[in-house]
Number of protein chains: 2
Amino acid sequence: MRKLFPFCLLALPLLTKAQTAPDLVQYVHPIFGTQRMGHVYPGATAPFGAVQLSPDTDTIPYELNGKYNPDVYKYCAGYQYDDKTIVGFSHTHFSGTGHSDLGDFLIMPTTGELKLNPGVATQPRSGYRSAFRHEAETAEADYYKVKLEDYNILAELTATTRVGFHQYTFPATNQAHIILDLMHGIYNYDDKNVWTYLRVVNDTLVTGYRETNGWARTRRVYFAMVFSKPFDQYGARKYDRRQAYHGFWGHFDQNHNFPEQAGRQIRMHFDFKTQEGEKVKIKFALSPVSTEGALLNLRTEIPGWDFEAVKRQEQEAWNTELSKVVIDAGQEEKENFYTSMYHAFINPTVYMDVDGRYRGVDQLDHTAEGFVNYTTFSLWDTHRALHPLFNILQPTRNADMIRSMLAHYQQSAEHMLPIWSHYATENWCMSGYHSVSVIADAIVKGNTPFDPNKALDACIATSTRRSFEGLGDYIDKGYIPAERDGVSVSSTLEYAYDDWCIAQAAKKLGRMDVYDTYSKRAQNYKNVWDPSIEYMRPRLSDGSFRKDFDVLSTNGQGFIEGNAWNYSLYVPHDPAALVAMYGGNKPFVRHLDSLFTMELPDKFFAETEDITRDGIIGNYVHGNEPSHHVAYLYNWTDQPWKTQERVRMILKKQYKPAPDGLGGNDDCGQMSAWYIFTALGFYPVAPGSGDYSLGSPAINRAVIRLESGKTFTIQAENQSDKNVYVKKVTLNGKPLAGHTLTHQQIMQGGTLVFYMSASH
Amino acid sequence: MRKLFPFCLLALPLLTKAQTAPDLVQYVHPIFGTQRMGHVYPGATAPFGAVQLSPDTDTIPYELNGKYNPDVYKYCAGYQYDDKTIVGFSHTHFSGTGHSDLGDFLIMPTTGELKLNPGVATQPRSGYRSAFRHEAETAEADYYKVKLEDYNILAELTATTRVGFHQYTFPATNQAHIILDLMHGIYNYDDKNVWTYLRVVNDTLVTGYRETNGWARTRRVYFAMVFSKPFDQYGARKYDRRQAYHGFWGHFDQNHNFPEQAGRQIRMHFDFKTQEGEKVKIKFALSPVSTEGALLNLRTEIPGWDFEAVKRQEQEAWNTELSKVVIDAGQEEKENFYTSMYHAFINPTVYMDVDGRYRGVDQLDHTAEGFVNYTTFSLWDTHRALHPLFNILQPTRNADMIRSMLAHYQQSAEHMLPIWSHYATENWCMSGYHSVSVIADAIVKGNTPFDPNKALDACIATSTRRSFEGLGDYIDKGYIPAERDGVSVSSTLEYAYDDWCIAQAAKKLGRMDVYDTYSKRAQNYKNVWDPSIEYMRPRLSDGSFRKDFDVLSTNGQGFIEGNAWNYSLYVPHDPAALVAMYGGNKPFVRHLDSLFTMELPDKFFAETEDITRDGIIGNYVHGNEPSHHVAYLYNWTDQPWKTQERVRMILKKQYKPAPDGLGGNDDCGQMSAWYIFTALGFYPVAPGSGDYSLGSPAINRAVIRLESGKTFTIQAENQSDKNVYVKKVTLNGKPLAGHTLTHQQIMQGGTLVFYMSASH
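Thresholds applied
- Residues numbered from 1 in each chain as written.
- Chains lettered and ligands numbered in written order.
- Predicted model: local features only at pLDDT ≥ 70, side-chain atom pairs only at ≥ 80, totals over all residues.
- Heavy atoms only, no water.
- Least-squares fit on C-alpha atoms with pLDDT ≥ 70 in both.
- Contact = heavy atoms within 4.5 Å.
- Helix = DSSP H or I, 4+ residues; strand = E, 2+ residues; numbered from the N terminus.
- Axes fitted to C-alpha atoms, helices over the stretch in contact; angles between N-to-C directions.
- Parallel < 35°, antiparallel > 145°, perpendicular 65-115°, else oblique.
- Left-handed = near helix turned anticlockwise from the far one by under 90°.
- Expected span 1.5 Å × (residues − 1).
- Buried < 20%, exposed > 50% of the residue type's maximum accessible area, 1.4 Å probe, protein only.
- Polar contact = N/O pair within 3.5 Å; in protein donor to acceptor, adjacent residues only side chain to side chain.
- Buried area = accessible area lost by both parts, 1.4 Å probe.
- Salt bridge = Lys/Arg side-chain N within 4 Å of Asp/Glu carboxyl O.
- pLDDT = per-residue confidence, 0-100.

> Describe in detail the relation of the copies chain B and chain A, supporting the description with residues and values.
The operation relating chain B to chain A is a screw motion whose rotation component is 180°, with 0.0 Å of axial translation and a residual RMSD of 0.0 Å. Such a combination of turn and shift is consistent with a two-fold rotation axis. Among all residues of chain B, the minimum C-alpha distance to the rotation axis is found for Val-194 of chain B, at 3.1 Å. With an isologous cut-off of 70% or more, the 100% of interface residues of chain B that recur at the interface of chain A puts this contact in the isologous class.

Written as C-alpha cells, this is what we have:
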C-alpha cells in the first residue's frame, strides 16, 4: 500500500491541475541551447507557428572574399547567446538546423539620429543595433522581452500562428524610429535577395514581400504590417548595386514619404514622436500567398491591440500542448522535458493562410482542403523520433503533415515526396527518402485519415526515381557504387531502411507484391558490409570494396554526418541481423562498448560536423542523428542494462538546463524528441514498426493524455539519478516480457510501471 | 452627274466586299518602318494582342563598360531591317517606342551541333542565330515567314490574342533542336532578369515564368508551351553569375532531362529527330497571372494544331478591324493607310487571361469584371490622336482602356492614373498626366459606359498629387520653377492642357466648381510665356525668366523631346489665344511658316531625339509628338490653305510605303493615328473637345463603319497629289462653314464631301 500511496497523492493534484491547463510554460526556457551548437532561437512562437519572431544578434555574410565564411554557421537561428548586441527582431527562424535561410523582415526600434545600417558588433553605436544584457532579457514560451540599452527601449514580442506582435516602450523623444530592414537575412549571400517590394498603404499599414534565393532556391514571403499609432513620416533607402532603369522615377522624391518601393536591397524607417513610457505596437502578419492573405491573417488572428491578452492566450495554448504529457520529476528534468516539448512542437510549421491558401512546390497557389498544410520538413532528422512522437502526442497534426507531404508529391516536378522542404521548395538536403518512413510509421500505427494506398503509391514512386542520387544503381546493383556518389554507403543504408518501411506499410495494406519487392530491397544494407573488417564500406561498381578507407574519418569515406563506426550500426530495421553480422552477442557488445568508451584522435573532433566536443561520447556522436538508436541496441543482446545506463548518461551529458545545454543542433526537434522518448523510458528504434524499445525513465511519473481522451501513465518507482536500472516492468499490473512496448499498448491507455534500482 | 458617277460605281463594290470582310490585309505591310527609327516589329500579332511574336535580329547589351550603349536604341522592337541574321522569335514587343523592354521567351529552331549561345552577327555560325534574306521573308498582318538559311528551316508564325503559334519545317536530321532562351530580352541589362522558372511537365508541355527589372520596375510574365511532337530529350544550361546555395541539388544531374529549373540566366533545349519537310509546331501562351492562366489561354484560344486555320481566322479578324474604314485611294495610300490602321490597332494590348484575371499595379491578382483589361499605355504619345481615333473606330475598346486606367488608379500606391504603364507597372515615362485627356475626350464625346463622375474624381486626384513632378509648385505658383525641374516649361504647358481637359469633362458633367478651378489652371501656359522674345521660356521661382536660353536646342532648355520653337506652339486648347499672343494673324502665320522652312544648324539634328534627319521639316519635328497639332494651326488664321498644303506634304514626306518609311518612332500608334486622321481630312487638335480641325483628305473616298451600324462617308472630289486644296466642304449636301467637324456629326452618320483643287 505504501508504495502506491505516493502515486495516488501525486496523481490527484496533477490531474486536477491538468484539467485547467497546468502551468507548464514555467518550465520552458527557450534560451536553453542558444549558446554554441544548439541553434535554437529564444524568440516568440506559437505551437507549430508560421511566425518565429526572435532577436537576431548579428548578420554575417555567407562569404568573405568569395569563400565560405565558417562563422556564418553560428547564426543558423539568428541568435548567439554570447553576443552583446541585438540587430533587431525578424519574423522567421529555423529551430536547430545545421544550415540556414530565413530571417525575414527585421524590425528594430531606435531613438535619436536615424541610422539605417546595422553597424558592427565590435563598434558600439556604429549602426542601429543595440547593446543588451541577459539580466534584462526574458525568454518564455511565446514571449520574449529585452531592454535595448542604447535606446532605453523595452522590447516585447509574442506571436499567434501567423502574426508577430511587437510592443516597444519608448522614452520621451521627438526622434523615435521603427526600422524595417528588407536586406537583413540569415545567411546573407551577395545575391540572396531576388526581389523585395513594399507599399505604404496608409499611415498605419505597410504591405509587401521578400523573395530570396538561398537554401530554398526561390522563396517568397508576403507580409502586412500595422502600427498602433500613425507614423509622422517615413522614408526608404535603397542599397541596390544598381538598378536597370531609373528613367522617370525622378518625377518623385522616392526617399521620403514615397509609398511604393521595389528593389533588391531596401531599408525603410517610420518616424514618431513618443512620450515617456509610450508603447508603439506593431502587428506583423505573414502569408505564403499574397499581401491580401497576410492582411486576412492579421485581422483574423489579432483583431485588437491588447498585447497582454494575446500573450496570455498564446501561453494558454502552449500549456494545452505541453500538458499532453504531465510529468513528475526533478526541477532540472522538468525544465529539460518541457523545453524539449517546446522545441519538438515548433516544427514543422504551419504554411497556409487562415483560409487554407498556400503556395505549392509547383509555384501555384492551392487551398488545403480539409487539412492544415505544413512546411519545414527536416526529414532526415525528424523521421527518427519526432514524427513517431507525433503519432502518440499529435496524431492529427502528424496526419496533416503527411497530407502536406502528399500535396508536395502531387505538385513536385520530380514526382517525389519531400526530402527536406521549406516554404514551397525542395532543398534536397541530406540523403535517403525518409518521407516514406514517416508515412509508413503512420500507416503501420493506424493513424491514416488520408488514403494510405495513395500514400504508399507516392512512396513507391519516390523510391523508384532512378535519376535521384544513385537510386538507379541501387535498384540495379543493390548498392550505390562508390565511384558514383560521395556518400554511397550511408545512402545505401538509408535506402535499405526506407525500403523496409515501404514493405511494412505494404504488408499492413495487404499489398504483398510490394511487400516482397521492398523486403528484398531492405536487405541491401548487406551489400556494403565488408565482413573482413566488420564495417560498412564503400564498394566499387565491380563489386570490390574501396581500398583506401578510414573507419574514423567522416570526410570522403562514403558517409554523411557520420563515420564508418557509427554508420555500420545503422540497420535500425533488423538489429538482430546486425548482431549476428558482428558474430553474435559477445563481440557485438564489445564493439558497442568501445563505441562509447574509445578515445578519439583530435582530428576527429575537428572534422565532425554540427556538434561541440561535448556532443561526442567516446566515438558516439549524439549531436548527429545516425546514432540516435544505437544506445538502444543493447536490448538485442544479453546486456540490456547497458541501454539503461547509457541512455541515462546521454540524457545527463547531452541535455543541460542552460544556454549551452545542447551538445549539437536540435535539428528541428529531433534531439528534443529523443529526450522526450528516452526520459519517458522508451524509444522508436525503427519507425515503421509498431514497437518501442524500452530504456530507463528519467521521470518519476508521466501521464500522457491521448487525443482519444484516454491516458497512458508511466510510473518509475524508486527512480533517481543512481537508480537507472530497470528490474521489472509491468503494464496494467502484468509483467511485460522483453524490452518492447507496442504503439497499440500505449494508445489503448493504461499504466506502465518501471521498477528501478541502483544495480543491474 | 458625271462627277457623282464614279462614287456610285465605287461605292457598290466597296460596300459589298466589306460585308464579307474585304481583303484589306493585303495592304498591310508590317515590314514598313522596321528600318532605322520606326521601331515597329514585323512579326505576328492579333488586334490589340497580348502576344507579339516577332523575329529579333540582335541582342545588344544596354551598357558597355558601365556606360549606356547607344546602339541598343535601334533594337527597341527587336528587329532592324538592315541586319543579316535572326537570333530567334520572342513573344513580346513594343510597337514604335523610344525606349524598350520585353523580348520574352525567345524560341529558335536549329539543326546539327547544339549551340546554346546566340553568337554574334559578325561571325557566321558563331551561335544559334541564323542568316536570312528579305527575299525569303514574308510579313503580313498576323503572319510572318522566313527561311532560316543556316539550318534550312522554314519558320512561320501567327498568333491569337494570348497565344503565339510557331510552325517550323525541318529538313531530315537526327539533331533537330528547339531552343528556349530565357536570358534573351530587349534591352538586356546585366541584372535585368530578376528570376526565371521553368518546369517540364511532360514530353510536350513546359511552363514557367520570367521576371525582369527593366523599364517596368518589376514585370512577371507566365507561359505555357506545348509541342506538337514529343521531344526525345531535353536539357538546360545555367549562366548565372553565381547561385547562393547549390547544396544537395547535386543529387540530380540538372543539365539533362531534369524537369525543374530556376535562376537568373537559363537556356533550355528540346531535341528531336525529324524527317524531310516535317513540321514541328509550338503553341506558346502568355499570362499575367499564372502558368495555369497561360494553359487556360492556350487551350481556349488554340485547341487544335491547324496552323493554316489559325492564320486564316486571325487574318479574318484583322480584315474585320481594318474594314472599319474602307477607302478608295491610290495603291501607295492604301498601303500606308492600312499599315497605319494595323499599327494603330496593336496597342494598347490586352492584359488579362481569357477568364478576366490579371495582375494589378498593386501586385495583386484581380478579375476584370465586365471589361477587357489593357496595358501598354504610352499616353504622352497616344492621347493626342490614337485615343480620339478609338472614340470613333473603337469606342468599346477605348472605354475598356479607360476602365483599365481607372483600375490602375484604384490599385496605384500613388493614387494616380497611369502616366506610361505596362505590365502592371507604372514606369512614369515622359511628362504630364495625359490619362485625363483620354478620359475627358471620352466623357465630352459621350463614350462613357463607365461612371464618368468617378473617372473625373480620378482625374482630379491625379492632378493634385503635389509630390509628382513639380505639381505642388505648379498648383501654388501657376508654373513649375526652372530650378526645380529640368523640363519645367513643357510640363507646365502640358499640365495646363490637361487641366483644360478636366474642365471640359467637369462642364459636361455639370460640376461647375471643378470647371472653374481647372479653367483657371488651364490658363497657366501664359505664365511661362515671355512676351519680350515671344517664346515659352523657363521661369525661376522669383518670377524672372532664365537668362541663359537657346530657342533651338532641345537639351537643358526646360523642354522634353522638343525645343522652345516647337513647344511655344503647344496651347492646343486655345489656338486663338496663341495667335493673339504672337500679335495676331500675320505675325503668327509668318512665325508658323518659318517653322516649316527655316534651315537649322547641324547640331540640332545631332541632339534631336528619336527621329531621322528626314523626320524634320525645317524646324518642324514630326517624329516627336509635341508638334502634331501644329500644321493644323493655320486654321485659326486667314490662311487655312497652308494647313492643307502642309499636312499633305507631311503625309508624303513622313510616311512612305517602305521599310524605311517612318521618319520617327511610331510611338505605339500615335504616328499612325496622325496618318489616318490626316489622310481622312480632319484631326483632333485638342482632345477633350468634340471638335476636329479640317485638313486635306489624301483618299478619294472613305467609308467609316461605326459600331452603331451607321456609316460616315468621306468623299474627296477631284483629289490628287496636286489637288490638295479644299475649295468647299459639304456635310450631307449642305455647306460646312469654318474648318471644324464635330464628333457628333461623324457619329450620326452621313457624308462629308471635300471639293479639291490644285490652287487655293
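After that view, the rundown keeps rolling.
> Tell me about the environment of Thr-462 of chain B, and please be specific about residues and values.
Residues and elements named next belong to chain B. Inspection of the secondary structure puts Thr-462 in helix H9 (residues 452-463). Expressed as a C-alpha distance, the spacing of Thr-462 and Gln-35, which sit 427 residues apart in the sequence, is 38 Å. Beyond its immediate stretch of four places on either side in the chain, Thr-462 contacts Tyr-409, His-415, Met-416, Leu-417, Tyr-433 and Leu-471.

> I'd love a proper account of the packing of helix H7 (residues 395-411) of chain B against helix H8 (residues 435-444) of chain B, names of residues and values included.
Residue and element names in this part refer to chain B. Contact geometry for H7 and H8: axes closest at 10 Å, N-to-C directions at 135°. Judged by the inter-axis angle, H7 sits oblique to H8. The way H7 lies across H8 gives a crossing that is left-handed. Contacts from Asn-398, Ile-402, Met-405 and Leu-406 of H7 reach H8 at Ser-435, Val-438, Ile-439 and Ala-442.

> Please give an account of H9 of chain B that cites residues and values.
All names here are of chain B. Taking 1.5 Å of rise per residue, 12 residues should cover 16 Å, and H9 covers 16 Å from first to last C-alpha, within 8% of that figure. Of the residues making up H9, those classed as buried are Pro-452, Ala-455, Leu-456, Ala-458, Cys-459, Ile-460, Thr-462 and Ser-463. Measuring from the side-chain oxygen of the N-cap residue of H9 to the backbone nitrogen of Asn-453 gives 2.9 Å; that N-cap residue is Asp-451.

> Which residues make up the interface of chain B and chain A, and what values do they have?
Interface size, as often reported, equals the accessible area lost upon joining of the parts. Taken together, the contact pairs 58 residues of chain B with 58 residues of chain A. Summing both partners gives a buried area of about 5400 Å² for chain B against chain A, and 52% of it is carried by carbon and sulfur. Counting the contacts that link chain B with chain A gives three salt bridges. A salt bridge links Glu-260 of chain A to Arg-217 of chain B; the nearest nitrogen and oxygen atoms lie 4.0 Å apart. In this assembly, chain B and chain A are joined by 16 residue pairs in polar contact (both at pLDDT 80 or more).

> Got a sec to walk through the confidence of the model for chain A? Specific residues and values, please.
Residues and elements named next belong to chain A. Considering every residue of chain A, the mean pLDDT works out to 94; 96% of them sit at 70 or more. Between residues 1-18, whose pLDDT stays under 50, and residues either more than four places distant or in other chains, the model counts 15 contacts. For this predicted complex, the interface confidence comes out at an ipTM of 0.93, alongside a pTM of 0.95.

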